[in-house]
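Architecture at a glance
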Amino acid sequence: MISRELYNAYLHKGNLSSTFTFFALALFCASLTLGPNEIFLRQSAPGLIWILAILTIFFSTPLLLKREAQCGLLDEILLHPSLTSTYLLSKVMAEYLFIGLPLAVMSFLLSPLFALSSGETLSLLLTLLIGFPALSALGILGSLLTLNTQGGGLLLSLIILPLTLPLLIFGLSVMEMTQLGLDSFPSFCLLMGSSLFLLILSVTAGSWALPFAAER
Amino acid sequence: MKFTLAKPRYFLKVTNFLFPIALVLGALCFAAGLYSALITSPPDYQQGDAMRIMYIHVPASWMALFCYGILAVFSLFVVVWRHPFAEILAISVAPIGALFTVLSLVTGSLWGKPMWGTYWVWDARLTSVLVLLFLYGGYWALYKAYAHSAQGIRAASLLAIIGVINLPIIKGSVDWWNTLHQPASLTKFGSPSIHPSMLLPLGLMTAAYGFYFLVLFIIRARTELNKRKLLVQEGLS
Amino acid sequence: MLDVRNISFLPLFSNLSFSLAQREILLIHGTNGAGKSTLLRMIAGLIQPPPGTIFWKGKRIQLSTYQQNLLYSGHSLGLHPEALLKDQVNLWHYHYRVEKKAIEEALHIWGVAPLVNQKTQHLSQGQQKRLSLSRLHWLARPLWILDEPHTNLDSEGRKIFEDSLAHHIENEGLILLASHEKRPEIREICL
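Everything in this summary refers to the structure shown in the same document. This is a predicted model, so every value here is computed, not measured. (Residues numbered from 1 in each chain as written. Chains lettered and ligands numbered in written order. Predicted model: local features only at pLDDT ≥ 70, side-chain atom pairs only at ≥ 80, totals over all residues. Heavy atoms only, no water.)

1. Some thoughts on the interface of chain A and chain C
The partner chain C presents 27 residues to the 24 residues of chain A that form the contact. Taken together, the connections running from chain A to chain C amount to three salt bridges. Asp75(A) is the partner of Arg41(C) in a salt bridge, and the nearest nitrogen-oxygen pair spans 3.1 Å. Scanning the region where chain A abuts chain C turns up 15 residue pairs in polar contact (both at pLDDT 80 or more). Every element with two or more residues in the side of chain A that touches chain C is listed here: helix H1 (2-11), helix H3 (38-70), helix H4 (73-79) and helix H9 (185-214) of chain A. Looking at the side of chain A that touches chain C element by element, the count peaks at six residues for H4(A). Partitioned by chemical class, the residues of the side of chain A that touches chain C number 10 nonpolar, seven polar and seven charged. (Contact = heavy atoms within 4.5 Å. Salt bridge = Lys/Arg side-chain N within 4 Å of Asp/Glu carboxyl O. Polar contact = N/O pair within 3.5 Å; in protein donor to acceptor, adjacent residues only side chain to side chain. Helix = DSSP H or I, 4+ residues; strand = E, 2+ residues; numbered from the N terminus. Nonpolar A, V, L, I, M, F, W, Y, C, P; charged D, E, K, R; others polar.)

Next comes the structure, spelled out in structure tokens:
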């Protein structure tokens with residue numbers, strides 16, 4: 001199942017370029033509107049990058065999943081003997097490799113735009129890498145719930161964004177600790193804990209939502 | 001036969017009996033509560049007359065949480081047992097809960113202006129109530145986004161259940177977060193006991209809100225029930 | 001082998017019962033919107049069937065084990081939106097654990113093997129249908145559930161399809177077919 005999902009995600013590679021371009025362009029515009037004040041840029045960078053990463057994931061996931069569902073691929077998944085949660089976890093993994101990692105690398109490369117120091121960039125990268133599995137899982141859950149509607153990414157963000165708050169809060173508190181030069185380890189642990197919890201929660205809910213989404 | 005009590009027929013019977021009682025008692029409690037809250041109860045020694053808004057604000061917050069609680073219970077029935085009557089009840093309760101949440105937020109910020117000098121503070125309690133409002137909004141948006149309400153209610157119910165698990169985390173995380181910004185957030189009752197002269201109007205107002213909720217809930221559930229009956233009849237003819 | 005007892009999906013059909021033995025074809029016949037697809041999706045378990053309505057080999061089905069006996073081909077063809085034809089073969093290989101060799105042979109039979117470097121979405125409707133139906137040859141399952149399999153097939157495609165039906169029947173298979181066309185030689189139930 002894992003190899004199937006990895007291959008499935010690999011086939012979507014053509015669609016992903018617009019996802020990454022969107023992320024880069026949005027970051028660029030955001031840094032431009034904030035002006036050249038370095039202190040201000042540094043303070044607002046983590047929040048902006050996090051929000052834009054979340055939105056990028058939440059807007060691209062439903063598009064991919066919707067196309068797969070329209071082609072009848074979800075039916076095949078349901079007829080497959082492995083558990084739906086196995087499928088969802090493989091999908092999270094595939095999305096992590098094909099969307100999450102590139103996004104993290106891109107925010108790493110674009111961090112000079114926000115005048116971040118190397119230490120700050122590193123902890124930003126770490127928080128993103130820890131948060132992405134939960135974000136992907138939430139995105140998949142939301143896509144399944146909104147699959148048979150016309151809402152798309154907008155509706156998904158509307159219903160799922162409140163659930164991402166723990167990640168945002170702990171991720172940003174890590175960044176704040178780093179910028180203040182304090183010990184950020186406790187916040188890291190909390191971030192990991194909430195990421196794991198949200199991952200489990202959304203996979204559990206998703207394995208209920210998958211047959212529901214296929215019912216049309 | 002597990003759910004005999006939850007059949008529409010029994011619901012109509014019980015509510016036929018309950019509705020006028022709730023209406024009258026609600027009106028009485030409201031009048032008495034307002035009278036004692038605004039006129040007979042003493043002003044707070046620190047906050048003065050401004051604290052009288054508490055009698056509107058606190059019951060609203062309680063009701064907002066209470067509504068979400070029963071919404072989650074009904075949602076559980078929808079998701080696990082696919083009970084059709086639970087759908088009707090869940091749909092009926094959600095907008096009322098949202099109404100109480102809005103009321104709580106508005107009165108809260110009006111109270112905040114004279115007390116804290118600002119309408120909004122990023123305090124743990126405020127933020128989690130705001131998130132509660134977003135959850136209600138998401139629930140309703142998802143329900144409405146489906147062309148078939150039978151599908152919409154199932155998707156939305158799952159969301160409501162996840163929300164109830166997530167709510168304590170959000171509250172907890174905001175608490176953690178805020179230890180950085182505001183070491184001491186404002187607590188509404190500094191001392192553990194309130195004077196009985198304040199407890200009486202608060203209790204009366206809470207009862208009034210409860211009865212008001214019951215009245216609205218019964219009206220909405222009956223409307224929804226009739227709507228469905230109409231749909232079925234149209235389908236048959 | 002397959003028994004369906006008192007299955008209902010309001011308002012489309014109610015208390016429908018039939019059974020299907022080995023070497024048998026059953027045609028589900030009905031006008032558009034009569035509920036043929038819904039019935040087939042229910043029998044395939046893609047819509048949760050009411051408990052105790054479907055029996056396989058005389059026993060109440062346990063969904064995921066029962067589903068290993070069936071081949072379902074629905075309206076959506078199950079072709080990946082971005083794949084080349086050879087990518088699709090790889091995807092099937094990963095998904096069903098079938099030898100690529102077997103799939104490629106089936107593609108030859110269905111006459112789509114020369115198109116391996118084309119995007120599946122750029123093929124004509126009939127070619128896509130042929131590609132999707134090639135699973136009749138490489139996926140060995142006793143119960144076939146086919147929803148409107150004739151659509152978009154030309155006479156040659158139909159010939160290949162009919163041959164595979166006959167072959168499957170000879171090999172003790174069961175076939176459940178939905179169509180709005182009448183086929184006098186096949187036992188049918190009307191929705």
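Having seen the structure, we can now continue with the description.
2. Focus: the layout of surface pockets
Empty space within the largest pocket amounts to approximately 1,700 Å³. Lining the largest pocket are 38 residues, with Ala150(B), Arg154(B), Phe9(C), Leu10(C) and Pro11(C) sitting closest to its centre. When residues of the lining of the largest pocket are traced back to their parent elements, those giving at least two are helix H3 (84-116), helix H5 (149-181) and helix H6 (196-236) of chain B together with strand E1 (2-9) and helix H1 (36-43) of chain C. Among the elements that line the lining of the largest pocket, the one with the most residues is H6(B), at seven residues. (1 Å grid on protein atoms, 1.4 Å probe; cavity = no way out; pocket = protein on both sides within 12 Å on 5 of 7 lines; lining within 4 Å. Points joined across faces, edges and corners; volume = space filled by probe spheres on them.)

3. Focus: the side chain of Glu148(C)
All names here are of chain C. You can see Glu148 is positioned in the loop between strand E7 (143-147) and helix H7 (155-170). With a relative accessible area of 9%, Glu148 lands in the buried category. Contact partners of Glu148, with chain neighbours within four places excluded, come to Lys36, His75, Lys129, Ala178, Ser179 and His180. (Buried < 20%, exposed > 50% of the residue type's maximum accessible area, 1.4 Å probe, protein only.)

4. Re the interface of chain B and chain A
Between chain B and chain A, the residue contacts involve 27 residues of the former and 29 residues of the latter. Buried area between chain B and chain A, summed over both chains or domains, comes out near 2,500 Å², and the portion from carbon and sulfur atoms is 79%. Linking chain B with chain A are zero salt bridges. Where chain B packs against chain A, one counts one residue pair in polar contact (both at pLDDT 80 or more). The leading source of residues in the side of chain B that touches chain A is H5(B), at 17 residues. The class makeup of the residues in the side of chain B that touches chain A is 19 nonpolar, six polar and two charged. (Buried area = accessible area lost by both parts, 1.4 Å probe.)

5. Overview of the packing of aromatic side chains
For the structure on display, the rule yields 17 aromatic pairs over all chains. An angle of 85° between the planes, with centres 6.4 Å apart, marks the rings of Phe100(B) and Tyr212(B) as edge-to-face. Within this pair, whereas Phe100(B) is found in helix H3, its partner Tyr212(B) is found in helix H6, the two being separated by 112 residues in sequence. With a relative accessible area of 42%, Tyr212(B) lands in the partly exposed category. By the ring-pair criterion, three or more aromatic residues cluster together here, those being Phe66(B), Phe74(B), Phe213(B) and Phe217(B). In this structure, Lys13(A) packs its charged tip against the face of Tyr10(A), placed 4.4 Å from the ring centre. For the cation-ring pair, Arg5(C) lies above Phe55(C), with the distance from its terminal atom to the ring centre recorded as 3.9 Å. (Phe/Tyr/Trp six-rings, centres within 6.5 Å; stacked < 30°, edge-to-face > 60°. Lys NZ or Arg CZ within 6 Å of the ring centre and 35° of its normal.)

Any functional reading would require information that these geometric values do not contain.
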